Amino acid sequence: MTDATDITVHRGLFSSVDLYVEDSGGTGRPVVLIHGWPLSGASWSAQVPALRGAGYRVVSYDRRGFGRSDKPARGYDYDTFAEDLQSILEALDLRDVTLVGFSMGGGEVARYVAKYGQDRLHSVVFAAAVPPYLAKTDDNPDGPLDQATADGMESGLKDDRDAFFPQFVHQFYTADGVLKATPAQVDEAVALAQQSDQKAALGAMEAFATTDFRDDLTKVTVPALVIHGAADGVVPFEGSGKRTHAAIAGSELVVVPDAPHGFNVTNAEEFNRALLAFLAK
């Protein structure tokens, strides 16, 4: 396995915004990791070594407004997020790529396919992902996010983000009322969340809560894996992963028992085993 110090950091390659991108390089098939809200590419720390050890070229990045990327005043919508992703694939000339989208990152995967097609793609992964459509509306009665909950999240972040993030991270790592993360894992996630810009955090929250990906998912024809925690209390499986699996013909489904939303951290061994098995096919 290549040492972490061999990772190349790319900056200034992207036309619309300066994104922080980590790239393991090498000749292996590229796997691009797209993080969840309100974290950064550092949230993939349990996956990068496993993927590199299996011979893949691993690219992760901080979404605009989060982590170490620039924090512009606007552009926190999925069309722009997909454009940022395309700029990375083009700048690094990545082909035969597997896109792995966690939580709101699954929205980037769906919108990317709808906007830019699949010419650069080998496969896609939706991990605890927000598609097909989180908001509970008249025409989306199975959406798992009701308006009262969405309003509560927004007001909590606006009123006191220093109190909101620890509460949210505990929910992120809790399954059936039991916190599955260690204190160090909780502290790390809170620290990553605190790196987010407030405008970015609010804008991205609105985007993942209200964007309809149902039509986008119909464009996915490359091999697809849907992987979800059975006890996800942030993006519940029944309203998201189960429906995404049904929407993508031929997709594979892995449901990890007793796993919370942040199961790539709390259940990293099971998560990595499923991901590597899918990539090997």
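Cut-offs applied
- Residues numbered from 1 in each chain as written.
- Predicted model: local features only at pLDDT ≥ 70, side-chain atom pairs only at ≥ 80, totals over all residues.
- Heavy atoms only, no water.
- Phe/Tyr/Trp six-rings, centres within 6.5 Å; stacked < 30°, edge-to-face > 60°.
- Helix = DSSP H or I, 4+ residues; strand = E, 2+ residues; numbered from the N terminus.
- Buried < 20%, exposed > 50% of the residue type's maximum accessible area, 1.4 Å probe, protein only.
- Lys NZ or Arg CZ within 6 Å of the ring centre and 35° of its normal.
- Core = buried A, V, L, I, M, F, W, Y, C linked by side-chain atoms within 4.5 Å.
- Contact = heavy atoms within 4.5 Å.
- Pairing = 2+ DSSP bridges.
- Expected span 1.5 Å × (residues − 1).
- Arc of directions from axis to C-beta.
- Axes fitted to C-alpha atoms, helices over the stretch in contact; angles between N-to-C directions.
- Parallel < 35°, antiparallel > 145°, perpendicular 65-115°, else oblique.
- Left-handed = near helix turned anticlockwise from the far one by under 90°.
- Nonpolar A, V, L, I, M, F, W, Y, C, P; charged D, E, K, R; others polar.

1. What to know about the packing of aromatic side chains
Summed over the entire model, instances satisfying the criterion amount to 16 aromatic pairs. A centroid spacing of 5.8 Å and a plane angle of 55 degrees characterise the contact between phenylalanine 168 and phenylalanine 172, whose relative ring orientation is tilted. One end of the pair is phenylalanine 168 and the other is phenylalanine 172, both in helix H5 (residues 161-172) and four residues apart, which spans about a single turn. Judged by relative accessible area, phenylalanine 168 falls into the buried class, the value being 4%. Taking the relative accessible area as the measure of exposure, phenylalanine 172 reaches 3% and is therefore buried. Here the aromatic residues Trp37, Trp44, Phe102, Phe164, Phe165, Phe168, Phe172, Tyr173, Phe208, Phe263 and Phe271 are joined through ring pairs into a cluster of three or more. Cation over ring: arginine 63 sits above phenylalanine 81, and NZ or CZ is 5.6 Å from the ring centre.

2. Focus on the nonpolar core
Counting 87 residues, the largest nonpolar core has Val32, Trp37, Leu99, Val124, Phe126, Phe208 and Ile227 as its most contacted members. Looking at this core element by element, the count peaks at seven residues for helix H7 (residues 198-210). What phenylalanine 208 contacts, discounting residues up to four positions off in sequence, is Trp37, Tyr78, Met104, Val130, Leu134 and Met153.

3. A closer look at the pairing of strand E6 (residues 121-127)
Among the seven residues in E6, six count as buried, and that is most of the element. Bridging between strand E5 (residues 97-102) and E6 involves six bridges; their strand directions are parallel. Within E6, the position partnered with threonine 98 by the bridge is serine 123. Bridge count for E6 against strand E9 (residues 224-229) is four bridges, and the pairing is parallel. Following the sheet pairing, phenylalanine 126 is matched in E9 by valine 226.

4. Some words on helix H11 (residues 268-279)
Look at H11: 16 Å from first C-alpha to last across 12 residues, which is about the 16 Å you get at 1.5 Å a residue. Three or more residues of H11 are buried, namely Ala268, Phe271, Asn272, Ala274, Leu275, Phe278 and Leu279. An end-on view of H11 places all buried positions within 165 degrees of arc, on one side of the element.

5. Focus on the packing of H5 against helix H6 (residues 183-194)
In the contact formed by H5 and H6, the axes pass within 9 Å of each other and the chain directions differ by 135 degrees. The angle between the axes of H5 and H6 places the two elements in the oblique class. Between H5 and H6 the crossing geometry is right-handed. Where H5 abuts H6, its residues Arg161, Asp162, Phe165, Pro166, Val169 and His170 lie against Val186, Ala189, Val190, Ala193 and Gln194. Its residues assigned to classes, the contact of H5 with H6 comprises seven nonpolar, two polar and two charged.

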